[in-house]
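# Structure at a glance
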Amino acid sequence: MASTGALVLSLAACGSSGGGTGNNASGSSWILGTTETVTAMDPAGSYDFGSWNLQYNIFQQLMVVPAGETQPAPDAAQSCDYDNPKQITCKLRPGLEFSNGDKLTSSDVKFSFERNIAIADPNGSSVLLGSITDSSNPDKPKLADGAIETPDDTTVIFHLNKPDTTFMKVLTSATSSIVDEDVFPADKELPDAKVIGSGPYKLAQYKAGEQAVLEANPKYQGDRKAKTDRVFVQYFSDPAPLKAAIDSGQIDIAWRTLSPTDLNDLEGNSDVNVLKGQGSEFRYWVWQLGTKVGKQKAIRQAAAYIIDRDAIAKNAYDGTVKPTYSIVPPGFAGQKDSFKEKYGATPDVAKAKQLLKQAGIKTPIKIRLGYTPTHYGPNTVDEANELKSELNGSGLFQATTDDAEWERYQTLYKQNAYDLFILGWYPDFLDADNYLTPFIRDGGFYGNNYSNPKVNALLDKELGETDSAKRDKIIEQLQDIVADDVPLIPSWNGQNVAVAGKDIQGVEQTLDPTYIFRFWMISKKG
Amino acid sequence: MLRVLLSPFRNTSGLARWILVAGLVITGIFVVCAIFAPWIAPYGFAQTGEHGRFPKMAPPSATHWLGTNDQFFDILSRIIWGARTEITVVLLSVIIAVVVGMPLGLFSGFIGGWVDRLLVFVMDALYAFPSLLLAIVFAFLLRGPLGGGTVAAALSLTAIYIPQYFRVVRSTTVSAREATYVEAARAIGAKNRTVMGRYLFGNVIQSVPVIGTLNAADAISTLAALGFIGLGIQPTDASEWGYDLSRALDDAQSGIWWTTLFPGLAIVLLVTGLTLVGEGLNETVNPALRKRRIRKVRLPSRASSALVEERS
Amino acid sequence: MAAAKGSLPRYIVQRVLLIIPMIWVLLTLVFLLLRVAPGDPVSAAVGGKLDAQAMAAARHQAGLDRPMIVQYLDYIKGVGTLHFGKTISDNRPILDVIRDNGGATLTLTLGAFIFALAIGIPLGLLAGRRRDTVTDAVIRIFGVVSYAAPIFWTGLLAVILIAPLGWPTYDIASPETKFLVPAHTHILLVDALISGQPGAFTDVLQHHLLPCVTLGLLLSGVFIRLVRVNLLQSLKGDYVEAARARGIPERLVIRRHAFRNALVPVITVIGLQVALTMSGAVLTERTFNWPGLGNQLVKYIDARDYTAVQGLVTFFAIVVVIVSVLVDIINAIIDPRVRY
């Protein structure tokens, strides 16, 4: 036993460059730790945070959303404008190159979109490109004829198949990344380690599930110049080692996902900063209008009177989330706290009681709440229990909770297994419509049987409206209708939280609702 | 039968007896908790308040002897109710495994021939499989139709243990089958069923409790591991120590020790208790280890004793 | 009793031939389980975003709606030609996953084994020698408790204790080491050694300490009890009694005769702990963020990635089967009574 101890000491003495605090002797690199996973580096093969984040750093898009802002700004393009609601013209910067020296021209841009749609990877995000897709043959989607026109090397013209004012924002998402047509195959994905882009960083090493190493790309042209030469991204399978790592300084930044307890504890660590920016993660309770309980508007409205969002935020999430009163999160153009206006900021049991009485509904009402225990994190069960006790505490409901693992949950909630069930949402791009169309048009992606022709008409109108003031008004109208019909009850918005060492700069600026972690803005002192 | 069951106890002496007793006492405490939970536990397992909410993650105090966790539950109550969950799951899985594995082993060992070979083969393949992985896959499979409940967890553990009972019982049967008294029984004209039931069964049943307790210990560890990975039992359905532990592990790094320590200790204690019982029994049931004052120098057949140790 | 001259080679051949059918049984079992369970890779990945129609299209693309028997035959054929396929959730060839992450699991389990043996054997022998004394009791209780404690619990306690000391507490090496060491054998420990990079080998070794000790503690509990039991058994043997009768001092009896004979069966039984080690490795790898196959397996199970889980489980099964066959053969060589 003594000999093992001596061995331990001697290893500790000579191993100072390997582990321990302050990993980086050089100062021109930093380490990010995250529990996100990477599905694919190829933009045609992914629709998740972990993948998209690397893609934003490795590739250019025509436009990008700068930190803290909501409107697109040029990146690979020097300008992109709507000629009319069905046509966008972009002019590329001259002389762009990929990190391997290949020239970036309009044909690369067209190629990128074309292959993304054709490959149609089940894990991919080509569904966002609906406005330029020809899906007449569902087995073989392809770029609609004439959808992308490239009259010369630096001009790209998009012809959309319907008026779509959100498409400009789609151009800023990682699905629109520009890839090198000489390197990427047109019909399948490129192995992760081989990706080539024109963004501020290039991929120097990728060990799947372990780490990715990015190095500054000297050939990058644009406004997003990298501040640090080398970035290590380490992937953690569990939050516990992630917390230990940031707590002891073995990594410089921890982003997604630490528990509320961890965050509160890290606040007390003087070597790190817990930084919070505005987020756009969304939790909401969906009514299944196909059930006896769900189809009665008075019941839905009564529950909206009773829900205590502050209690949920405090008890289930230790105050790390913000209650939200609209289907559209704050910070988006056209956002309006419609639920607060209609139902008040705090619970009102008396009004709920009155409402039910007027509608002639007998209380207590038996209601089944559904949730899924792991997909959205372990605190989901706490929120469900919290809502249950609020509903039961009012005396008007008799609520029970039921859960199912994610795979079954998705089928069950469409089959009327629950009256009211919880779901989460991250936006694909920052536009109010991304919180509207997927939810309230004809049952939404979750099939809750809500369908309101007035809503559908307004959605069509806002998608085609280029005057932003007018569009905001329509969006406000939609939120009011939603607050009245209550097809769902919004619960909370997540914040975009990261923990960074005291010597790291630039992190706070990048924490915004886009959830794009902009490596190029971050640097380490010393 | 009673004499057979009590003989291990009476045969022990010295340290072996103490170990057996210690194991029985520890296990007994948990069994008592399991049976009398509604009367012993101060609160319900999903109770979050009495007159007003319980505090969240409060350290041990007069009203909450072991403190509360981050779901507002009283930890002492969770531990006591948890004993019920653990014991239920373990009992279910061991019983089903024995009920399936033992007859199969008896039958297979006795019949021999290609049926025997086939069964041995399938069971060997199953036995070689890492138990946790099998449990994980089963937990996924059964979670859907049965929900995240005790039954799903129990069944997922069952599949792992059937091969073990099968193996031991079969090898004992194989060696016993050649014994003279069996031959004699056959000579009298006893039917196969009688031979298996009356003669072999008594022989074979001696090794089952040893394996049973060791398996029970294993089952609890596996249940906790399932809870850690997120495939266990939901907190509102029942109290399960592994789940509480997985929620608490994060907190431990923030200086909140009571949410982690007590469920962890509970697991360690119960598993230890069961293992001690198994070990104690092994000391007496296994003739090679038994210390008797009058020693008959009779080496046991290598197969049965080796297999009994293999499991430990 | 007289073993036929050719029975050893025959036994070996018998055991080796059984490998393939055994693996086939396991594969079929896993395939069935995964297919019968609800959910699939598509719904796990994009379920919250796409509507029913889009998901059906995605499933069709991934070949998940073909008849069961077609998928099954496809799978068996693939394994037979050593084409394990690619993972569905992140498009990696499974052989790549095994190649890239197998080394980490290998060094973890070997390190844990070495530690467990270093602790387990001496303690087991000691306990057996001093049977029924306090020493025996303490050692046996230690053996039981170290096995009983959930490994993710002890692991985390270890992390909490060690992290403030500046010792690395997760992963197999620092990011720089992983970046700078070229992959030749794909076993990082070995690659670091042969790379000649200053400090790389020590770095990897340092990172091994905590996980190997944690997993090793769990295994040592089992070994202590095994060794002890076997020692007690061998002490009953006739040859021990004979040695005592000849007047050899007890000390020498134990050391020269009993110990050696006690260890022989232990070696073979230890080999059978491979399955236990793998289960332990899965949990250890999650606790320490170790980039091994166990970690990958849980990740792919979470993602409902059939192909990946099948491929990895197949690999595990093959390893376990081969090891147990090897162990059986070694056992047969050493102990003639085992051959049938």
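So, a few notes on the structure that sits alongside this text. As the structure is a prediction and not an experimental result, all values here were calculated from the model.

## Observations regarding the overall build of chain B
Per the secondary structure count, chain B includes 13 helices and 2 strands. Looking at chain B as a whole, 56% of its 312 residues qualify as buried. Long-range contacts, defined here as pairs at least 24 residues apart, represent 72% of the contacts in chain B between residues at least 6 apart.

## Some remarks on the packing of helix H11 (residues 241-252) of chain B against helix H8 (residues 151-162) of chain C
Contact pair H11 of chain B / H8 of chain C: the axes reach a minimum separation of 10 Å and the direction vectors enclose 5°. Classified by the angle between their axes, H11 of chain B and H8 of chain C sit roughly parallel to one another. Of H8 of chain C, the residues touching H11 of chain B (which contributes Leu245, Leu249 and Ala252 of chain B) are Phe152, Trp153, Leu156 and Ile160 of chain C. Per-class residue counts for the contact of H11 of chain B with H8 of chain C are 7 nonpolar, no polar and no charged.

## Looking at the sheet that holds strand E8 (residues 148-152) of chain A
Residues and elements named next belong to chain A. The 4 strands are arranged E4-E5-E9-E8 in an open sheet whose pairing can be described as antiparallel. Each having just a single partner strand, strand E4 (77-84) and E8 make up the two edges of the open sheet. When strand polarity is set aside, the average angle formed by the axes of neighbouring strands in this sheet is 20°. Contacts from helix H3 (residues 106-119) reach strand E5 (87-92), E8 and strand E9 (155-159) within the one sheet, and its direction differs from that of E8 by about 170°.

## Here we look at helix H8 (residues 309-317) of chain A
Residues and elements named next belong to chain A. Taken residue by residue, H8 has Arg309, Ile312, Ala313, Asn315, Ala316 and Tyr317 as its buried positions. Contact partners of the buried residues in H8: helix H6 (260-266), strand E16 (321-323), helix H11 (380-393) and strand E20 (488-494). Where H8 ends, the next residue or the one after it, Asp318, has phi of about 55°, a positive value.

## Here we look at the interface of chain B and chain A
Listed as interface residues are 15 residues of chain B and, on the opposing side, 19 residues of chain A. When contributions to the side of chain B that touches chain A are tallied by element, the ones reaching two or more residues are helix H6 (131-146) and H11 of chain B. In terms of residue count, the dominant contributor to the side of chain B that touches chain A is H11 of chain B (4 residues). Counted by class, the side of chain B that touches chain A contains 2 nonpolar, 8 polar and 5 charged residues.

## With respect to the pairing of strand E11 (residues 211-216) of chain A
All names here are of chain A. Within E11, 5 of the 6 residues are buried, which leaves the element mostly enclosed by the surrounding structure. Note that strand E10 (residues 201-207) and E11 share 6 bridges and pair antiparallel. Bridging from a neighbouring strand, Leu203 pairs with Leu214 of E11. The antiparallel pairing of E10 with E11 creates a hairpin that spans 3 residues between the two strands, and Gly209 there sits at a positive phi of about 80°. Summarising the sheet, E11 and strand E12 (residues 230-235) pair through 5 bridges and their orientation is antiparallel. What sits directly across from Glu215, in E12, is Arg230.

## A closer look at the nonpolar core
In terms of nonpolar packing, the biggest core is built from 331 residues, with Ile253 and Phe421 of chain A together with Ile136, Tyr165 and Ile220 of chain B touching the most fellow members. Among the elements that line this core, the one with the most residues is helix H11 (residues 200-235) of chain C, at 21 residues. Among residues more than four places away in sequence, those in contact with Ile136 of chain B are Leu226, Ile229 and Leu231 of chain B together with Ile301 of chain C.

## Some remarks on the sheet that holds E12 of chain A
Residues and elements named next belong to chain A. Taken in spatial order, the 7 strands of this open sheet run E10-E11-E12-E1-E13-E21-E14, and their pairing is mixed. In this open sheet, the two edge strands, each paired with only one partner strand, are E10 and strand E14 (272-277). For this sheet the average axis-to-axis angle between neighbouring strands, irrespective of direction, equals 20°. Contacting E10 and E11, helix H2 (residues 49-58) runs over the sheet at an angle of about 140° to E10.

## Observations regarding the pairing of E9 of chain A
Residue and element names in this part refer to chain A. Side chains Val156 and Phe158 of E9 all project onto a buried face; the interleaved residues Thr155, Ile157 and His159 project onto a face where none is buried. When E5 meets E9, the two strands line up antiparallel, connected through 5 bridges. Within E9, the position partnered with Lys91 by the bridge is Thr155. In the sheet, E8 pairs with E9 via 3 bridges, with the strands oriented antiparallel. Looking across to E9, one finds that Asp152 is bridged to Thr155. Here E8 hands over to E9 after 2 residues, the two strands then running antiparallel side by side.

## What about the packing of H8 of chain A against H11 of chain A?
Residue and element names in this part refer to chain A. Their axes nearest at 9 Å, the elements H8 and H11 cross at an angle of 135°. As the angle between them shows, H8 and H11 are arranged oblique. For the crossing formed where H8 meets H11, the hand is right-handed. Seen from H8, the contacting residues are Ala311, Ile312, Asn315 and Ala316; seen from H11, they are Asp382, Glu383, Glu386, Leu387 and Glu390. Among the residues making up the contact of H8 with H11, the classes are represented as 4 nonpolar, 1 polar and 4 charged.

Reading the values: rules and limits
- Residues numbered from 1 in each chain as written.
- Chains lettered and ligands numbered in written order.
- Predicted model: local features only at pLDDT ≥ 70, side-chain atom pairs only at ≥ 80, totals over all residues.
- Helix = DSSP H or I, 4+ residues; strand = E, 2+ residues; numbered from the N terminus.
- Buried ≥ 20, exposed ≤ 12 C-beta atoms within 10 Å, placed from the backbone.
- Contact = placed C-beta atoms within 7 Å.
- Axes fitted to C-alpha atoms, helices over the stretch in contact; angles between N-to-C directions.
- Parallel < 35°, antiparallel > 145°, perpendicular 65-115°, else oblique.
- Nonpolar A, V, L, I, M, F, W, Y, C, P; charged D, E, K, R; others polar.
- Pairing = 2+ DSSP bridges.
- Core = buried A, V, L, I, M, F, W, Y, C linked by C-beta atoms within 7 Å.
- Left-handed = near helix turned anticlockwise from the far one by under 90°.

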